[in-house]
Amino acid sequence: MPNKWIPFVKALVHVACLLPLLQMIQMYRSGALGLMADPVNWITHQTGYWTLFLLLASLAVTPVRRLSPKLANLIRFRRLLGLYSFFYATLHLSTYLFLYSGYDLPTVWAGLRAGHPGAIVDEWKAVWPNILDDLKKRRFIQLGLIGWTLLFVLAVTSPAFIMRWMGGKRWRQVHWLVYVAACCGVIHYWWLVKKGVMSPLPFTVVLVVLLLARVVWWARNKAAAGAKKPVLA
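Below you will find a few notes about this structure.

Moving on, we get to the pattern of salt bridges. Considering all chains together, one arrives at 2 salt bridges under this definition. The salt bridge involving Lys-137 is made with Asp-133; its shortest N-O contact spans 3.2 Å. Here Lys-137 and its partner Asp-133 are both found in helix H5 (residues 118–137), 4 residues apart, which amounts to about one turn of the helix. Among the residues examined, Lys-137 registers a relative accessible area of 63% and is labelled exposed. Where Asp-134 meets Arg-138, a salt bridge forms, and the shortest distance between an N and an O atom there is 3.7 Å. According to the relative accessible area criterion, Arg-138 is partly exposed, its value standing at 41%.

One can find Thr-62 in helix H2 (residues 39–65). Contact partners of Thr-62, with chain neighbours within four places excluded, come to Ile-75, Arg-78 and Arg-214.

What follows deals with the nonpolar core. If you look at the biggest cluster of nonpolar residues, it comprises 20 residues, and the most contacted ones within it are Leu-56, Leu-59, Leu-151, Val-178, Ala-182, Phe-203 and Leu-207. Elements supplying a minimum of two residues to this core: H2, helix H3 (78–100), helix H6 (139–156), helix H9 (177–192) and helix H10 (201–228). It is H9 that provides the largest number of residues to this core, a total of 6 residues. Judged by nonpolar contacts, the second largest core, of 15 residues, contains Cys-17, Met-27, Trp-42 and Tyr-88.

What follows is about the packing of H6 against H9. Where H6 contacts H9, the axes come no closer than 8 Å and their chain directions differ by 155°. By the angle class used here, H6 and H9 are roughly antiparallel. Regarding H6 and H9, the two cross each other, and that crossing is left-handed. On H9, the residues that touch Arg-139, Phe-140, Ile-141, Leu-143, Gly-144, Ile-146, Gly-147, Leu-150, Leu-151 and Leu-154 of H6 are Leu-177, Val-178, Val-180, Ala-181, Cys-184, Ile-187, His-188, Trp-191 and Leu-192. When its residues are assigned to classes, the contact of H6 with H9 shows 15 nonpolar, 3 polar and 1 charged.

Of note, Ile-131 is situated in helix H5. The spatial distance from the C-alpha of Ile-131 to the C-alpha of His-45 is 19 Å, given a sequence separation of 86 residues. Among residues more than four places away in sequence, those in contact with Ile-131 are Tyr-96, Leu-97, Ser-101 and Trp-124.

Between its terminal C-alpha atoms H6 stretches 26 Å, which fits the 26 Å expected from 18 residues at 1.5 Å a residue. For H6, the set of buried residues is Phe-140, Ile-141, Leu-143, Gly-147, Leu-150, Leu-151, Leu-154 and Ala-155.

It is worth spelling out a nonpolar patch on the surface at this point. A cluster of nonpolar side chains, contributed by Phe-152, Val-153, Val-156, Leu-177 and Val-180, occupies part of the molecular surface with about 360 Å² of accessible area. Among the elements that line the nonpolar patch, the one with the most residues is H6, at 3 residues. Residue position: Phe-152 is located in helix H6. The class of Phe-152 is partly exposed, set by a relative accessible area of 39%.

Rules behind the numbers
- Residues numbered from 1 in each chain as written.
- Predicted model: local features only at pLDDT ≥ 70, side-chain atom pairs only at ≥ 80, totals over all residues.
- Heavy atoms only, no water.
- Salt bridge = Lys/Arg side-chain N within 4 Å of Asp/Glu carboxyl O.
- Helix = DSSP H or I, 4+ residues; strand = E, 2+ residues; numbered from the N terminus.
- Buried < 20%, exposed > 50% of the residue type's maximum accessible area, 1.4 Å probe, protein only.
- Contact = heavy atoms within 4.5 Å.
- Core = buried A, V, L, I, M, F, W, Y, C linked by side-chain atoms within 4.5 Å.
- Axes fitted to C-alpha atoms, helices over the stretch in contact; angles between N-to-C directions.
- Parallel < 35°, antiparallel > 145°, perpendicular 65-115°, else oblique.
- Left-handed = near helix turned anticlockwise from the far one by under 90°.
- Nonpolar A, V, L, I, M, F, W, Y, C, P; charged D, E, K, R; others polar.
- Expected span 1.5 Å × (residues − 1).
- Patch = residues over 30% accessible without salt bridge, like charges linked within 9 Å, V, L, I, M, F, W, Y side chains within 5 Å.
- Areas by Shrake-Rupley, 256 points an atom, 1.4 Å probe, with all protein chains shown as cover.

Below you can see the structure in the form of C-alpha cells.
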C-alpha cells in the first residue's frame, strides 16, 4: 500500500468502526430500538460483539502483514483498531452500569437541570450495592471487568510518547496483555450465553488461530537464531 493512501484508508477505517454506533443512534432516533422486545440486551450484544471483533482484528494485523512485505503498512492500523475495541468495551460496560444496574438516568438528568449535581452521586449510592452483589455472584461479570481493565491499561499506554517513556522492551511486555484481554473477552462471552448457544465459537476459533500463529512465529525465530550461532571447536 503506497504511503500516500494511508490517510484515506484510515478515514475509511474510522467510518467503518463508527458504523455500529451510528446504527444504534439511528435506531434510537427512529424509534426502532423501542420496538424491540429487549433493547438493552440488543445494545449489550452489539457493543460486546464489536469489542471482540475489533480486538481480534487488531491482533490479526501482525500475522497478516508477515505474509508479504507489501502488507507492512497494515501496522499503521493496529493501534486504531485496538482503541476502537476499547471504545466499544467501554460502551458495553456503560450499558451494564447505566441501564442494567437500575441507575435512573432520567432522574439524574432532571436533577442536573434543576441545579442538583448531587443527583449523580445519590443514584450511584442507590445502585452500588446491587452492582457489588452482581460482581460477587456472576463470574462472567468479573471476567468482563478484568478484560475491560486490561484494555484500559493498553489504551492509556498506546500513545507514542508513553512508549518512549516506558522503553520499547517494557512497553512490548505490557502490551502482551492484549492476548490475556482477548481470552477474557471470549471466555466472558461463553459464560454469558446459555448452554448450547454456539455464537462465541467463531471468536474462539479466530483467537486460537492467532495464538498458534504467534507461537509458530516465535518457534521459527528461535530456531533461526539457534542455527546462526557459531559452533565452537
